Amino acid sequence: MTTEQDEDLRLLRDSVSKLLDRAGGVGRARRVRDDGAGWDATVWGELADAGVLGVATPEEAGGLGMGLPAAGVIAEEIGRVIAPEPVVPCVALGIGLLHRLCPDDPALENAIAGQAVLAVAWQERGPSGVSDAVDCEFSGGTLTGSKDWVMGLGDDAPVLVIAKSSDGLALVRVAADAKGLTKKAARQSDGSSLAALNFSATPAEVLAEGAAVSTALADAIADATALTAAELVGLSSASLTLTLEYIKTREQFDKPIGSFQVIQHRAVDMQLMLEIAEAGVRESLAAMENAPNPQARARQASRAKARAATAAQNITREAIQLHGAVGYTDEFDVGLLLNRALVLSAWLGDAAYHRRRWLEAREAEEAAQ
Amino acid sequence: MTDWNALSDAEFRAEIRGFFEAEYPEELRHLSHRPKFAEIEHWHVKLHAKGWVAPAWPTEYGGMGLEAAKLLIYYEEQQRYGVNRGRDMGIQMVGPLIIKFGTQEQKDYWLPRILSCENIWCQGYSEPGAGSDLANLRTSAVIDGDDFVINGQKIWTTMAHDATHIFMLVRTNQNTERKQQGISFILAEMDQPGVEVRTITTLAGETEFCEVFFDDARTPRANLVGEIDKGWTMAKALLSFERIFIGNPGLAQNALAQLETFAKGRGAFDDAVFRDRFATVALDVEDHAALYSRFADQLKRGETLGADVSMLKIWVTETYQRITELMIEVAGPDGGTLGPLQVGNIGVDVLSSFYKARPSTIYGGANEIQRNILSKAVLGL
Ligand SMILES: Cc1cc2nc3c(=O)[nH]c(=O)nc-3n(C[C@H](O)[C@H](O)[C@H](O)COP(=O)(O)OP(=O)(O)OC[C@H]3O[C@@H](n4cnc5c(N)ncnc54)[C@H](O)[C@@H]3O)c2cc1C
């Protein structure tokens, strides 16, 4: 829209990408994975100092108020170096819920300042995947039930939980060492973990209750979904860049392999997938800012994730193929990108799920007209 | 000795299935990694005692002498029950090479040791500068008295860290017009001062392949197979064995069985989209098997396979990949989770299947190279 806004985004992209490159680029993901620490607390602090965590939080709630397109720029840069820090989960879900539901809670200021990493537990496991219902129950000050697929949960961090209560849904907070809380980590292909939590009469503090919680949750999930898509776009572009460099330098049959027409066409197809995804995801994020209703927001988020997950899966797989055997080693970065793409594609719904959701949202909007 | 080919297909299948079910160790079923020999030795001993280690070798050399249709059944049952293929480079590659080009002494010496797994083999073809362009290989072998002296480096050598021997292509003549000339086939021992093995970690976090460095390593001249400087032609003959083997339906069939189990457990068959996609890959596997038996019959009749055998490898590896990609979709929110995913009381390791399928379009002649071959040699383009 305005060139001033474009310029702001460009500056933001520049400063975040410099910060992340200085921290160590893509290779840092391998080191952090091998250290088993989950993420780097120093980098987390630097990201917070750069204003990254409050980028989409309104100014009156203590953020930068730059909106989703700015958060998208950050997510793309995070994806480009597959930074292991849980920026998107924290910005979109943790901080996103707090600034919508309880902007005065000191936890919000803390989170934006990078003093706490806020993970949100909202999904529950059904017999064949994610359950549609929330069965985890908050009553009489305690929580009972279970949650799954919690991303970005630190060892001694409290967790925000969505539970059902007498008044619809509730957002509650559970301390890391709360009684009756057990955690199980599922190790992911990129070395991160998703936590499964079980609560049995676990003491919890209520932060918000009622209809506002469902609305805020839907918005936060849509944001997280679209921002994960942006992260996948950044990741895909990194994968393509590495592949282009490689096929220009690797020689077989006395020529760079990039001189073979079949390789050229495949590289062009990767570029096309990337550009289509980038255009679609950026437009979705902009449209979500001004979406007239929750259905339209959800539709845009699904559009973004469906496209980005498909592009990232195809591009990262093709990158391995064009590298040949070196692409299958841990030593080359294209493998790290493939592994991260698997995790981000699966989290919050894969491409097939979001294609379905997109159509459902579109039909619901049409029916409402 | 039983003439397996005289049995009806159904009788033969029952025989194979019965043996696997009765004798194959439960803990080795559907292994998600490539085992070291020690891990599967107890099974190999049984298989060897039964005389079933080499289904495709002629009976005179200790094989089962199976004709194409029977061989297919053997592989199918192996995959169905999740029987590990074992350390079979010797069986699949070195054995056929020696049977075809070796001297009587070489046959008498090596073949029984391959069958018993007293010798465990790895394949030393690729080098850092010689992947698709294999003829670009530089590792040299120079005659010194009764020995060859070997210098150079091999890479991507699968399971070299658990092999006693390597069969390799080396350059024995530097002064040739074309780089395909002056290459020879030699066999060498791994356990010697001039050989150093370093494992390479894959993106799945496993150590399946290695770099192998040769620094004045030695092997007796008697370990040259076939004529000196004529290794390229032989390697190509061997590749056609490899291409039919690598084009066999097994991997895809096994993955399909895993997909079916997993999808049933996850209720995916209630979904119309999944049903269509499942049927698509299932038919891709079934029709590939039909094409495979056509080629296998050709082999059986003693005909040499043409370049068109490359079709098998392309189709089966790409189908294999699609099947494992579909498994990830069925896994949905667990699609990035390592290790077995429980469905009922069975664990299906979705990511491990996905990872295994990735390089199948790279090794054994990358699919791009196979397509180049087909377009030139078969379509005449
Ligand atoms: C899991 C695994 C196990 C292996 N095990 C062994 C083993 O035991 N022993 C052994 O010797 N080797 C082994 N290999 C190596 C394998 O044979 C090589 O990876 C293969 O030959 C490809 O060579 P490369 O990896 O160097 O890729 P490159 O040849 O560098 O090719 C890179 C890309 O360029 C493409 N390309 C190259 N040339 C052309 C062309 N002319 N036209 C179009 N496209 C082209 C390729 O298809 C590929 O996509 C293994 C490889 C893998 C992945």
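Being a predicted model, the structure only gives us computed values, none of them experimental.

Description of the packing of helix H7 (residues 250-265) of chain B against helix H9 (residues 310-331) of chain B
Residues and elements named next belong to chain B.
- Packing of H7 against H9 brings their axes to within 9 Å, and their N-to-C directions diverge by 15°. Between H7 and H9, the angle is such that the two are roughly parallel. The handedness of the crossing between H7 and H9 is left-handed. Two secondary-structure elements touch here, H7 through Leu251, Ala252, Ala255, Leu256, Gln258, Leu259, Phe262 and Ala263 and H9 through Val316, Tyr320, Ile323, Thr324, Leu326, Met327, Val330 and Ala331.
- Classifying every residue of the contact of H7 with H9 gives 14 nonpolar, two polar and no charged.

Some words on the site of the ligand
- Taken together, 28 residues sit near the ligand, with Arg250 of chain A together with Gln123, Ser132, Thr158 and Glu368 of chain B positioned nearest.
- Interatomic distance of 2.7 Å between a side-chain N/O atom of Arg250 of chain A and an oxygen atom of the ligand.
- Protein contacts shield 93% of the accessible area of the ligand, which totals 980 Å² for the unbound molecule.
- Sorting the residues of the shell around the ligand by element identifies helix H8 (261-289) and helix H9 (294-323) of chain A together with strand E3 (147-158) and helix H11 (367-378) of chain B as the ones contributing at least two each.
- Its residues assigned to classes, the shell around the ligand shows 16 nonpolar, 10 polar and two charged.

Here's the deal with the state of the cysteines
All names here are of chain A.
- Summed over all chains, the structure comprises zero disulfides over all chains.
- Considering cysteine sulfurs only, Cys90 is the nearest to Cys102, which forms no disulfide, with 14 Å between them.
- A residue is classified by how much of its surface remains accessible, and Cys102, at 11% relative accessible area, is buried.
- Here Cys136 is not cross-linked by a disulfide; its sulfur's nearest cysteine counterpart is in Cys102, at 18 Å.
- Judged by relative accessible area, which is 0%, Cys136 ranks as buried.

Section: the interface of chain A and chain B
- Counting from both sides, the interface comprises 34 residues of chain A and, opposite them, 37 residues of chain B.
- A buried area of about 3,100 Å², summed over both sides, lies between chain A and chain B, and 56% of it is on carbon and sulfur atoms.
- Of all residues in chain A, Arg317, Gln321 and Tyr328 of chain A bury the most surface against chain B, accounting for 24% of the area lost on that side.
- Viewed at the interface, chain B and chain A are joined by four salt bridges.
- A salt bridge links Glu368 of chain B to Arg266 of chain A; its shortest N-O distance comes to 2.7 Å.
- Where chain A meets chain B, there are 20 residue pairs in polar contact (both at pLDDT 80 or more).

Observations concerning the packing of aromatic side chains
- With the rule as written, the count across this model stands at 24 aromatic pairs over all chains.
- A ring pair is formed by Phe253 of chain A and Phe260 of chain A, whose centres lie 6.2 Å apart and whose planes are at 80°; its orientation type is edge-to-face.
- Residue classification places Phe253 of chain A among the partly exposed residues on the basis of a relative accessible area of 34%.
- We classify Phe260 of chain A as partly exposed; its relative accessible area is 25%.
- Measuring from ring centre to ring centre gives 6.4 Å for Tyr24 of chain B and Tyr81 of chain B, while their planes differ by 75°; the resulting arrangement is edge-to-face. With Tyr24 of chain B in the loop between helix H1 (9-23) and helix H2 (37-50) and Tyr81 of chain B in helix H3 (residues 68-81), this residue pair connects regions lying 57 residues apart in the sequence. Residue Tyr24 of chain B shares its accessibility class with Tyr81 of chain B, and that shared class is buried.
- Across the ring face of Tyr81 of chain B, the terminal group of Arg29 of chain B is positioned such that the distance to the ring centre comes to 3.8 Å.

Notes on the pairing of strand E2 (residues 140-144) of chain B
Residues and elements named next belong to chain B.
- Sheet topology places E2 next to E3; five bridges connect them, and they run antiparallel. Note on E3: the bridge partner recorded for Ala141 is Ile150.
- Two successive antiparallel strands, E2 and E3, enclose a turn made up of two residues, where Gly145 displays a positive phi of approximately 65°.

Things to note about the domain arrangement of chain B
All names here are of chain B.
- When the domains of chain B are assigned, the result is domain 1 (4-86), domain 2 (121-231) and domain 3 (239-378).
- Contact with domain 1, which involves 13 residues of that partner, is made by 17 residues of domain 3.
- For the pairing of domain 1 and domain 3, the buried interface totals around 1,200 Å² over both sides, and the portion due to carbon and sulfur atoms is 58%.
- On the domain 1 side of the contact with domain 3, Ala68, Leu72 and Gln79 bury the most area, a combined 42% of that side's loss.
- Our count for the contact surface shared by domain 1 and domain 3 stands at zero salt bridges.
- Counting across the domain 1 and domain 3 interface gives two residue pairs in polar contact (both at pLDDT 80 or more).
- Grouping the amino acids of the side of domain 1 that touches domain 3 by side-chain chemistry returns five nonpolar, five polar and three charged.

Quick notes on helix H10 (residues 350-357) of chain B
- Taken across its eight residues, H10 of chain B has seven buried, putting it largely inside the fold.
- Taking the backbone nitrogen of Ser352 of chain B as reference, a side-chain oxygen 3.0 Å away marks Asp349 of chain B as the first, capping residue of H10 of chain B.

Rules used throughout
- Residues numbered from 1 in each chain as written.
- Chains lettered and ligands numbered in written order.
- Predicted model: local features only at pLDDT ≥ 70, side-chain atom pairs only at ≥ 80, totals over all residues.
- Heavy atoms only, no water.
- Axes fitted to C-alpha atoms, helices over the stretch in contact; angles between N-to-C directions.
- Helix = DSSP H or I, 4+ residues; strand = E, 2+ residues; numbered from the N terminus.
- Parallel < 35°, antiparallel > 145°, perpendicular 65-115°, else oblique.
- Left-handed = near helix turned anticlockwise from the far one by under 90°.
- Contact = heavy atoms within 4.5 Å.
- Nonpolar A, V, L, I, M, F, W, Y, C, P; charged D, E, K, R; others polar.
- Near = heavy atom within 4 Å.
- Polar contact = N/O pair within 3.5 Å; in protein donor to acceptor, adjacent residues only side chain to side chain.
- Areas by Shrake-Rupley, 256 points an atom, 1.4 Å probe, with all protein chains shown as cover.
- Disulfide = S-S within 2.5 Å.
- Buried < 20%, exposed > 50% of the residue type's maximum accessible area, 1.4 Å probe, protein only.
- Buried area = accessible area lost by both parts, 1.4 Å probe.
- Salt bridge = Lys/Arg side-chain N within 4 Å of Asp/Glu carboxyl O.
- Phe/Tyr/Trp six-rings, centres within 6.5 Å; stacked < 30°, edge-to-face > 60°.
- Lys NZ or Arg CZ within 6 Å of the ring centre and 35° of its normal.
- Pairing = 2+ DSSP bridges.
- Domains from an automatic or database assignment.

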